[in-house]
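What follows is the residue order along each chain.
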Amino acid sequence: MPDGLSDREVQQRLAKDGPNELPVSRPRSRLRLLRAIVADPMFLLLLACGGIYLLLGDKREALMLLGFVLVVMAMTYFQQQRTERSLDALRDLSSPQALVMRGGRLSRVPARELVCGDTVLLAEGVRVPADLVLTEATNLQVDESLLTGESVPIDKGARTQAAEGASAPVSAEVFAGTLVTRGSARGQVVATGLQSQLGRIGVSLRGLGEEATPIQAETRRIVRRVAVLGLMLAAGLTVAYALLLGDWLHGVLAGLTLAMAILPEELSVILTVFMGLGAWRLAREQVLTRNVPAIALLGATTVLCVDKTGTLTSNKMAVRRLWSGSAEYDTLPGLPLPEALHAVLEFAVLASHRLAFDPMDTAIADAGQRLLAKTAHLHADWTLIDDYALSPAMLAMSRVWQSPDSHERIIAAKGSPEAIIDLCHLDPATRSQIARQVALWAADGLRVLGVAQATFAAETLPGQQHDFAFAFSGLLALEDPLRPEVPAAIAECHAAGIKVVMITGDHPVTALSIARQAGLPTDGGVMTGQTLAALPTAALAQQISRITVFCRISPAQKLHLVQAFRYSGEVVAMTGDGVNDAPALKAAHIGVAMGAHGTDVAREAADVVLLKDDFASLLTAVRYGRRVFANLRKAVVFVVAVHVPIVGLSIVPVLLGWPMLLMPVHVLFLQLIIDPACSMVFEAQPSEADAMQKPPRSPASRLFDTKVLALGLWQGTGLLLVLLAVYAYTKSETASDDIARALTFFVLILSNLGLIQANRSWGRASKQAAGTAYRYLAWISLATGLLLAATLYIPAIRQLFGFVAPSARWLLFGVAVAVANLLWFETVKRLGFIRRKTMS
């Protein structure tokens, strides 16, 4: 159909097949975000608690609690919405424009409006908008690295050309998302949306569902268990109070106070604050957190699976070496190019397109501008007469130039060394010398091209390149260079106990070369995709423990490899930028996508997106992950320690027949002021100095392990005993329950500040703490002191709390007790530290 589809046909097919869009995760609307937050079990528990208070008529306490819940929900909502907006800004490849023939007219339309049967025109630099079968093609090459992982462009031809080239046929198919680097073409759309190659990879992600991180699952489990236990104890305390003292109303009040003391709503606050602020801090480092809870899991990563192209390497060709038989040059030292090699680079530049989209042509042009600057070997004034395109039969291309200073035509050729040797009709000895040099460079992972030159005096050019009398100029080697930050980043990974694995579609020799440059150990050898595919997951998991280089790997095999590492108990992070990486990104515990040049599918599949495409920034994310988990444990110790005296002060007075020491307003004061504030202090605590010199924590390690619980219980139990003693002594001396209650609460609040200080850092790190955490603690201490003063000296608030203000002497006594409690907290911490050092 030379005129293309009519508008009516387009609308009919669009209605039938749907838009040409990638099957990536759709952005979450505000309603979906809000629904997900409200449905979280931890928030539902908080809302239910507030509802109970409303039913019982305690409106003041209920409104305070519900207000707190709304603040936490709002913080979570705005953090997730900000993340979604950042992702929206990255969607730059999912809807390119297309030049299409419709109704006999050429027009540009959004790629999402393409339908099967459309006639699309392609040119250099254009991203292919849908799967096409080519009907016309001229010197066409396509960069398929986003699909295959290979940075070298692929030759393409029209359907008739593909059929004719039986000895070395070229493909007549081009796929959505790939890039035209040379030539032009016309093709017919054969697949869009879900049916395209790009879409099929996106569909494969749907079978890999998201799972809760261990921290999320453990926190929810603890919340449920403690909530059930708390409700049972609260009910038991209510009955016991009523039976012992005959006062059901105060029994219900005591039970509700105990329920508030036990219900661990702080855990949701701490988790939200740590993850939200962690995501914000990472965003400032140009690391976008797609799945916020995955931050802490990053710190447990044991295996990092790295896609070579675009992750370890820059996905940009560069000239590395030149050779002429009499001279050799390496670009890395940065020395001037020897005169003997000027002609090699000069004719390589002449054999390349001036306005290049092909990465090799671009690399050669850049090298020419850099190494031949201010010489007579760059010819901007020469006129291009004709060119001979590379073909399956002759893997070399020639360009014919006319110099203004000569009547002869000058021909420059470049191509595979074998083709250039053939064009130059070299003797066997020279052929062998060139072949040895090619093999030597290939062993270093370089892509080698031959360069030749010729002159031609006749006006009429011959029909084929073989008719020119070419002279061999030399060899030129290109590489997809390693990102400069990669070796140091991999060395830091090794120091941190993280195994780095390279996955590539390259030849084993090339893969080993890149691995050595990057600093990966290669003594375990390589495993090819063919070997990998033949092994079941269990057998593969046994064989990959010492292997760090996997080559000739297809997208499906990447997924198989990630699953094998998971089967062997590793915590797997997978980095990548291409569409072919997306299933493995989704299957890994943490998927890390490159944001600047990666595909929409890869970014949507990932948990973390590196906006700078900087491999070293991945180490920043791991460092933050370790910091978050370590500080979460410190915060949990504080929560456990502070809840022990609150629970004890709710139960013991009932058992001893004392008046109620704590009422709901006291517990709410602690929860609304101290607990959220301490989360800020612990979150701001910097990493320990040796955080990245330690191996990752065990995948089986838990946030609420024996060490954390024991430390919190020891600190909290000691505080509880002191508070009971303070209450008993003060009451015996003053004969006032209200003064004793006020002083006990005063000591409790000051001791809570002491718990924050003691648990901010464990071991020797407290002397090295950064100023930010100190500033938070100072402001919290000041605010808490002012609020505490309000409860003691403002009559309305003092009455609500059931206090009588103690005298200055009693307050000084309370300060001394709080200092003694701080010494107890530090002693318990130090003893635990010494015990851990001894055991290790």
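Residues numbered from 1 in each chain as written. Predicted model: local features only at pLDDT ≥ 70, side-chain atom pairs only at ≥ 80, totals over all residues. Heavy atoms only, no water.

Draft legend 1. Examining the environment of Ser 398 more closely. Here Ser 398 lies in strand S13 (residues 396-402). With a relative accessible area of 0%, Ser 398 lands in the buried category. Expressed as a C-alpha distance, the spacing of Ser 398 and Gln 464, which sit 66 residues apart in the sequence, is 9.7 Å. For Ser 398, the residues in contact, after removing those within four places along its chain, are Asp 387, Tyr 388, Ile 411, Ala 412, Ala 413, Gln 465 and Phe 470. At a separation of 2.4 Å, a polar atom in the side chain of Ser 398 contacts the side chain of Gln 465. (Helix = DSSP H or I, 4+ residues; strand = E, 2+ residues; numbered from the N terminus. Buried < 20%, exposed > 50% of the residue type's maximum accessible area, 1.4 Å probe, protein only. Contact = heavy atoms within 4.5 Å. Polar contact = N/O pair within 3.5 Å; in protein donor to acceptor, adjacent residues only side chain to side chain.)

Draft legend 2. Representation of the packing of aromatic side chains within the structure. Under the counting rule described, the total for this entry stands at nine aromatic pairs. Between Tyr 388 and Phe 468, the aromatic rings sit 5.5 Å apart at their centres with planes inclined by 85°, giving edge-to-face as the arrangement. With Tyr 388 in strand S12 (residues 383-388) and Phe 468 in the loop between strand S15 (447-456) and strand S16 (471-479), the pair connects residues that are 80 residues apart, well separated along the chain. Residues Tyr 729 and Phe 813 carry aromatic rings whose centres are separated by 5.8 Å and whose planes lie at 50° to one another, so their mutual orientation is tilted. Taken together, the residues span a long stretch of sequence, with Tyr 729 in helix H26 (residues 706-734) and Phe 813 in helix H30 (residues 808-839) at a distance of 84 residues. Using a relative accessible area of 30% as the deciding quantity, one classes Phe 813 as partly exposed. Among the aromatic side chains, those forming a connected cluster through ring pairs are Tyr 388, Phe 456, Phe 468 and Phe 470. The cationic tip of Arg 809 hangs over the ring face of Trp 810; the distance from NZ or CZ to the ring centre is 5.0 Å. (Phe/Tyr/Trp six-rings, centres within 6.5 Å; stacked < 30°, edge-to-face > 60°. Lys NZ or Arg CZ within 6 Å of the ring centre and 35° of its normal.)

Draft legend 3. Examining the environment of Leu 618 more closely. Mapped onto the elements, Leu 618 comes out in helix H24 (residues 615-656). Under the relative-accessibility criterion, Leu 618 is labelled buried at 1%. Aside from chain neighbours lying at most four places away, what touches Leu 618 is Leu 304, Thr 575, Val 592 and Leu 610.

Draft legend 4. The arrangement of the sheet that holds strand S14 (residues 409-415) in detail. Judged by pairing direction, the sheet is antiparallel, and its seven strands sit side by side in the order S11-S10-S16-S15-S14-S13-S12 without closing on themselves. What marks the edges here is a single partner per strand, and that holds for strand S11 (328-330) and S12. Mean inter-strand twist for the sheet, computed between neighbouring axes without regard to direction, equals 25°. As paired elements, S13 and S14 share seven bridges and run antiparallel to each other. Residue Trp 401 lies in a different strand from S14, and its bridge partner there is Ile 410. (Pairing = 2+ DSSP bridges. Axes fitted to C-alpha atoms, helices over the stretch in contact; angles between N-to-C directions.)

Draft legend 5. Structural view of unusual backbone geometry. A positive phi is found at Lys 374, a non-glycine position, where the angle reads about 65°. In this fold, Lys 374 is placed in the loop between helix H14 (359-371) and S12. Take Lys 374: its relative accessible area is 89%, and that puts it in the exposed class. Backbone geometry at His 425 places phi at a positive 50°, although glycine is not the residue there. As for its placement among the helices and strands, His 425 is situated in the loop between helix H15 (417-424) and helix H16 (428-443).

Draft legend 6. Looking closely at the pattern of salt bridges. By the definition in use, this model includes 14 salt bridges. Its salt-bridge partner being Arg 320, residue Glu 479 comes within 3.2 Å of it at the nearest N-O pair. On the criterion of sequence distance, the pair formed by Glu 479 in strand S16 and Arg 320 in strand S10 (residues 318-323) is long-range, its members being 159 residues apart. Judged on exposure class, the residue Glu 479 and its partner Arg 320 are both buried. Arg 321 is the salt-bridge partner of Asp 330, the closest N and O atoms lying 3.2 Å from each other. Through salt bridges with shared partners, a single network forms among Arg 320, Arg 321, Asp 330, Asp 444 and Glu 479. (Salt bridge = Lys/Arg side-chain N within 4 Å of Asp/Glu carboxyl O.)

Draft legend 7. Representation of the nonpolar core within the structure. Ranked by internal contacts, the top residues of the largest apolar core, which has 99 residues, are Leu 304, Ile 490, Met 502, Ile 590, Phe 615, Leu 649 and Phe 745. With 20 residues, H24 is the single largest residue contributor to this core. Ignoring sequence-local partners within four residues, the contact set of Ile 490 consists of Leu 312, Val 500, Ala 518, Gly 519, Leu 520 and Phe 615. One finds Leu 535, Leu 540, Ala 582 and Ala 605 within the second-largest nonpolar core, a separate group that totals 29 residues. (Core = buried A, V, L, I, M, F, W, Y, C linked by side-chain atoms within 4.5 Å.)

Draft legend 8. View of the confidence of the model for the protein. Predicted confidence across the protein gives a mean pLDDT of 79, with 76% of residues reaching 70 or more. At the low end of the mean pLDDT range in the protein sits helix H6 (residues 159-164), at 54; at the high end sits helix H13 (residues 342-350), at 96. The low-confidence segment residues 89-95, where pLDDT is below 50, has 18 contacts with residues more than four positions distant or belonging to other chains. Under a pLDDT of 50 for its full length, residues 765-769 has, in the predicted model, nine contacts with residues more than four places off or in other chains. (pLDDT = per-residue confidence, 0-100.)

Draft legend 9. Main features of H13. Burial analysis of H13 places seven of its nine residues in the buried class, the great majority of the element. What H13 keeps buried is the set His 342, Val 344, Leu 345, Glu 346, Phe 347, Ala 348 and Leu 350. Elements in contact with the buried residues of H13: S10, H14, S13, S14, S15 and S16.

Draft legend 10. Structural detail: the sheet that holds strand S20 (residues 572-576). Read from one edge of the open sheet, eight strands run S8-S22-S21-S20-S9-S17-S19-S18, paired in mixed fashion. Looking along the sheet, the strands with just one partner apiece sit at the ends: strand S8 (287-289) and strand S18 (526-528). Here the average twist between neighbouring strands, direction ignored, is 20°. Looking at chain direction, S18 and strand S19 (residues 549-551) are connected through three bridges and run parallel. Paired with Met 527 across the bridge in S19 is Phe 550. Sheet contacts for H24: S8, strand S9 (303-307), S20, strand S21 (590-594) and strand S22 (608-610); angle to S9, the most-contacted strand, approximately 155°.

Draft legend 11. Up close: the side chain of Thr 331. In this structure, Thr 331 sits in the loop between S11 and H13. Overall, Thr 331 belongs to the buried group, its relative accessible area being 15%.

Draft legend 12. Region of the structure containing the pairing of strand S2 (residues 105-110). In this structure, strand S1 (residues 97-102) lies alongside S2, joined through six bridges in antiparallel fashion. Bridged to Arg 102 within S2 is Arg 105. Linkage of S1 to S2, two consecutive antiparallel strands, is achieved through a turn of two residues, within which Gly 103 is found at a positive phi near 60°.

Draft legend 13. Examining the pairing of strand S3 (residues 119-122) more closely. One ladder, built from three bridges, connects S1 with S3; its direction is antiparallel. Within S3, the residue paired with Leu 99 across the bridge is Leu 121. Two elements, S3 and strand S7 (residues 179-191), share four bridges in a ladder whose sense is antiparallel. Opposite Thr 119, over in S7, you have Gln 188 as the bridge partner.

Draft legend 14. Molecular detail of the packing of helix H17 (residues 486-495) against H24. Contact pair H17 / H24: the axes reach a minimum separation of 8 Å and the direction vectors enclose 25°. If you check the angle between H17 and H24, you find them roughly parallel. Judged by the twist between their axes, the crossing of H17 over H24 is left-handed. Of the residues in H24, those in contact with Val 486, Ala 489, Ile 490, Glu 492 and Cys 493 of H17 are Phe 615, Ala 616, Leu 619 and Arg 623. Classifying every residue of the contact of H17 with H24 gives seven nonpolar, no polar and two charged. (Parallel < 35°, antiparallel > 145°, perpendicular 65-115°, else oblique. Left-handed = near helix turned anticlockwise from the far one by under 90°. Nonpolar A, V, L, I, M, F, W, Y, C, P; charged D, E, K, R; others polar.)

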